[in-house]
Amino acid sequence: MSAAPVEQPHGDRPLIAEANRLMDRNPGNRVEIIGDLIVMSPPPDGAHAAALTDLMVPFIAAGLHGTESMVLQGIGLWLSSGAEDYAIPDLALVDADFQEHLVENSCYDPIAFRLVLEVTSSNYQADLRTKVAAYAGSNVPVYVIIDRQHQRLHVLTDPAEGTYASHRVHAPGELVTLPDTLGAKVTLDVAEILKAGQPKND
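Note that the structure is a prediction, hence the values are computed from the model and not measured.

Draft legend 1. Structural context of the packing of aromatic side chains. The final tally for this structure, using the stated rule, is three aromatic pairs. For the ring pair Tyr143 and Tyr164, a centre distance of 6.4 Å and an interplane angle of 40 degrees mean the geometry is tilted. Note that Tyr143 is positioned in strand S10 (residues 142-147) and Tyr164 in strand S12 (residues 163-170), a separation of 21 residues in sequence. Residue class for Tyr143 comes out buried when judged on its relative accessible area of 0%.

Pasting the structure below:
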């Protein structure tokens with residue numbers, strides 16, 4: 001999401017107006033509104049960025065970045081959990097026509113999202129708890145969490161009633177094949193992804 005001020009007025013959207021002000025004053029921070037609360041995350045570290053780049057590779061290799069779908073970092077997702085709620089997942093797989101589903105504030109309707117993925121940072125509890133409910137409540141089909149704190153990969157599927165009916169946790173040494181609903185076969189090597197996401201000073 002751009003740190004530049006949005007062009008449309010937000011006089012009737014006080015949380016969004018404040019979130020945009022915070023984003024302008026804190027370049028590099030991620031500002032989201034989840035459950036009617038503004039959440040600001042610090043800039044990601046280099047290992048976080050390395051893990052994201054490594055994660056894009058299997059999606060692109062599977063042909064998922066093209067005419068039918070796209071693999072994008074930092075795209076806004078309009079949530080159903082509150083009147084002004086939105087999240088900015090680290091990585092998302094969206095339908096290629098996602099721009100036709102713009103809601104507001106550079107955020108898009110969840111109907112365009114096939115998968116969202118988060119690489120945990122210091123505020124990892126939000127990824128493991130708050131965002132689970134937010135993404136499930138917005139019917140995002142697949143939510144993947146790269147849990148750097150606990151060295152695990154989570155795959156959550158089948159959203160229903162504000163949670164995911166299926167929540168599988170994978171450890172290093174496992175190869176994880178994501179659901180076919182993405183449009184192609186994508187397999188993730190848990191050990192390789194977690195290694196990429198581990199800061200060198202740890």
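Draft legend 2. A look at the nonpolar core. Ranked by internal contacts, the top residues of the largest apolar core, which has 26 residues, are Leu115, Leu117, Val144, Ile146, Leu153 and Leu178. Here the element with the most residues in this core is helix H2 (residues 46-61); it accounts for five residues. Every residue in contact with Leu117, bar those within four places of it in the chain, is listed here: Leu52, Leu55, Pro89, Asp90, Leu91, Val144 and Ile146. The next biggest cluster of nonpolar side chains, apart from the first, holds 22 residues, and it includes Leu72, Tyr108, Phe113 and Ala136.

Draft legend 3. The sheet that holds strand S9 (residues 113-119), seen in detail. If you trace the six strands from one edge of the open sheet to the other, you get S3-S6-S9-S10-S11-S12, paired in mixed fashion. Two strands lie at the open edges of the sheet, namely strand S3 (69-73) and S12, each paired on one side alone. For this sheet, the mean inter-axis angle between neighbouring strands, taken without regard to orientation, is 15 degrees. One ladder, built from seven bridges, connects strand S11 (residues 152-160) with S12; its direction is antiparallel.

Draft legend 4. Region of the structure containing helix H1 (residues 14-25). With twelve residues, H1 extends 17 Å from end C-alpha to end C-alpha; this agrees with the ideal 16 Å at 1.5 Å per step. Within H1, burial applies to Ile16, Ala17, Ala19, Asn20 and Met23. Looking down the long axis of H1, one finds its buried residues gathered within 165 degrees of arc, a one-sided arrangement. Residues of H1 that are exposed and point over 90 degrees away from its buried face: Pro14 and Arg25. Those residues of H1 that are buried lie in contact with strand S1 (30-34), strand S2 (37-41), strand S4 (76-78), strand S5 (86-87) and strand S7 (102-104).

Draft legend 5. Seen up close, the confidence of the model for the chain. Per-chain confidence: the chain averages 90 in pLDDT, with 94% of residues scoring 70 or above. Note that pLDDT drops below 50 for residues 1-10; the model gives that stretch 21 contacts with residues more than four away or on any other chain.

Quick notes on the rules
Residues numbered from 1 in each chain as written. Predicted model: local features only at pLDDT ≥ 70, side-chain atom pairs only at ≥ 80, totals over all residues. Heavy atoms only, no water. Phe/Tyr/Trp six-rings, centres within 6.5 Å; stacked < 30°, edge-to-face > 60°. Helix = DSSP H or I, 4+ residues; strand = E, 2+ residues; numbered from the N terminus. Buried < 20%, exposed > 50% of the residue type's maximum accessible area, 1.4 Å probe, protein only. Core = buried A, V, L, I, M, F, W, Y, C linked by side-chain atoms within 4.5 Å. Contact = heavy atoms within 4.5 Å. Pairing = 2+ DSSP bridges. Axes fitted to C-alpha atoms, helices over the stretch in contact; angles between N-to-C directions. Expected span 1.5 Å × (residues − 1). Arc of directions from axis to C-beta. pLDDT = per-residue confidence, 0-100.

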